[in-house]
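Here's the letter readout for the chains.
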Amino acid sequence: MKLKLTPEFSYLIGFWSKIRSKEGIGIEGENELQEIFAKQVLDQKLMETEKLLSDTNKIYFYHGKYRKFFQQIEAEKLDRYKYINEYSASYLAGMFDAIGKINEQGVVYLEKRGSTDEMLLSRLGFPTRKIGNSLIILRPKAFLLLIKNYTKRFGNHPAMKLLKEKK
């Protein structure tokens, strides 16, 4: 089985990379995040429903080839996602769905940022500012416009609805 990177895989890898579980290929987080992960895994036909394992705050499955593929793509993310296209947009949407927030003032930021997140965003034209453990995206409208067609969690957020109305 030869695995090929697709925008859907990019989304899932971006999502998984930020909230991954210690067991298998999976994520830790609230029910909404677990549902998104399970739906993506099942939609991609990566695993059958009965082989998805879950605990109180995590969901995961075991598959050595997928794990290696996910880890390889994540390790190469600065090279793989260096252009604005559907692959990088999907990856950023997955990452944002996992650890992103939009506060009441419309500030768009990532919590629990990784060491290369700032560099990746900067290379794609989204300057950031560090505040504590958060990474504030300084061009929020442009960022949200890029990910709006790929996000699974923020599609119905009021900020996204405003972007759709302005088109």
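Everything that follows concerns the structure shown earlier in this document.
Owing to the predicted nature of the structure, the values given are computational and were not obtained by experimental measurement.

Caption draft 1: Fine view of the overall build of the protein. In terms of helices and strands, the protein carries eight helices and seven strands. By the compact-globule yardstick of 15 Å for 167 residues, the protein fits well, its C-alpha radius of gyration being 15 Å. By principal-axis analysis of the C-alpha atoms, the protein measures approximately 40 × 35 × 30 Å. The burial tally for the protein puts 49% of its 167 residues in the buried class. Expressed as a percentage of contacts within the protein between residues at least 6 apart in sequence, the contacts between residues at least 24 apart total 57%. Just so you have it, the protein exposes about 9,000 Å², and 49% of that area is on carbon and sulfur atoms.

Caption draft 2: How the structure looks around the packing of helix H1 (residues 7-19) against helix H3 (residues 64-75). Two numbers describe how H1 lies on H3: the axes approach to 10 Å, and their chain directions differ by 85°. As summarised for this structure, H1 and H3 are arranged roughly perpendicular, according to the angle between their axes. Along its contact with H1, which presents Phe 9, Leu 12, Ile 13, Trp 16 and Ser 17, the element H3 presents Tyr 66, Phe 69, Phe 70, Gln 71, Ile 73 and Glu 74. Tallied by class, the residues present in the contact of H1 with H3 amount to eight nonpolar, two polar and one charged.

Caption draft 3: Representation of the pattern of salt bridges. A complete count under the given rule lists eleven salt bridges for this structure. A salt bridge links Lys 18 to Asp 117; the shortest N-O distance between them is 2.7 Å. Taken together, the residues Lys 18 in helix H1 and Asp 117 in helix H6 (residues 117-123) connect sequence positions 99 residues apart. Here Lys 18 and Asp 117 have matching classes, each one buried. Measuring nitrogen to oxygen at the nearest pair gives 2.8 Å for the salt bridge that ties Arg 80 to Glu 76. Looking at Glu 76, the relative accessible area reads 28%, which means it is partly exposed. Sharing partners across several salt bridges, the network here consists of Lys 18, Glu 74, Lys 77 and Asp 117.

Caption draft 4: Main features of the nonpolar core. Of all hydrophobic cores here, the largest spans 51 residues; its most connected members are Leu 92 and Phe 143. Ranked by residues supplied to this core, first place goes to helix H5 (residues 86-99) with eight residues. Setting aside anything within four residues of it in sequence, one finds Phe 143 in contact with Leu 92, Phe 96, Val 108, Leu 121, Phe 126 and Ile 137.

Caption draft 5: Seen up close, the packing of aromatic side chains. What the rule picks out here adds up to ten aromatic pairs. Look at Trp 16 and Phe 70: their rings are 5.4 Å apart centre to centre, the planes differ by 75°, and that puts the pair in the edge-to-face class. Note that Trp 16 is positioned in helix H1 and Phe 70 in helix H3, a separation of 54 residues in sequence. What makes Phe 70 buried here is its relative accessible area of 0%. Cluster of aromatic residues (ring-pair linked, three or more members): Phe 9, Trp 16, Tyr 66, Phe 69 and Phe 70. The positively charged end of Arg 20 is found above the aromatic ring belonging to Trp 16, 4.0 Å away from the centroid. The ring centre of Tyr 11 lies 4.7 Å from the NZ or CZ of Lys 152, which sits over that ring.

Caption draft 6: Up close: the side chain of Ser 134. Along the chain, Ser 134 falls in strand E7 (residues 134-137). Residues in contact with Ser 134, not counting those within four places in the same chain, are Tyr 109, Leu 110, Glu 111, Arg 113 and Arg 129.

Caption draft 7: Up close: unusual backbone geometry. Its identity is not glycine, yet Lys 45 carries a phi of approximately 60°, on the positive side. Tracing the sequence through the fold places Lys 45 in the loop between helix H2 (31-43) and strand E2 (53-54). Classification of Lys 45 by relative accessible area gives exposed; the value is 70%.

About the thresholds
Residues numbered from 1 in each chain as written. Predicted model: local features only at pLDDT ≥ 70, side-chain atom pairs only at ≥ 80, totals over all residues. Heavy atoms only, no water. Helix = DSSP H or I, 4+ residues; strand = E, 2+ residues; numbered from the N terminus. Rg over C-alpha atoms; globule rule 2.2 N^0.38 Å. Buried < 20%, exposed > 50% of the residue type's maximum accessible area, 1.4 Å probe, protein only. Contact = heavy atoms within 4.5 Å. Areas by Shrake-Rupley, 256 points an atom, 1.4 Å probe, with all protein chains shown as cover. Axes fitted to C-alpha atoms, helices over the stretch in contact; angles between N-to-C directions. Parallel < 35°, antiparallel > 145°, perpendicular 65-115°, else oblique. Nonpolar A, V, L, I, M, F, W, Y, C, P; charged D, E, K, R; others polar. Salt bridge = Lys/Arg side-chain N within 4 Å of Asp/Glu carboxyl O. Core = buried A, V, L, I, M, F, W, Y, C linked by side-chain atoms within 4.5 Å. Phe/Tyr/Trp six-rings, centres within 6.5 Å; stacked < 30°, edge-to-face > 60°. Lys NZ or Arg CZ within 6 Å of the ring centre and 35° of its normal.

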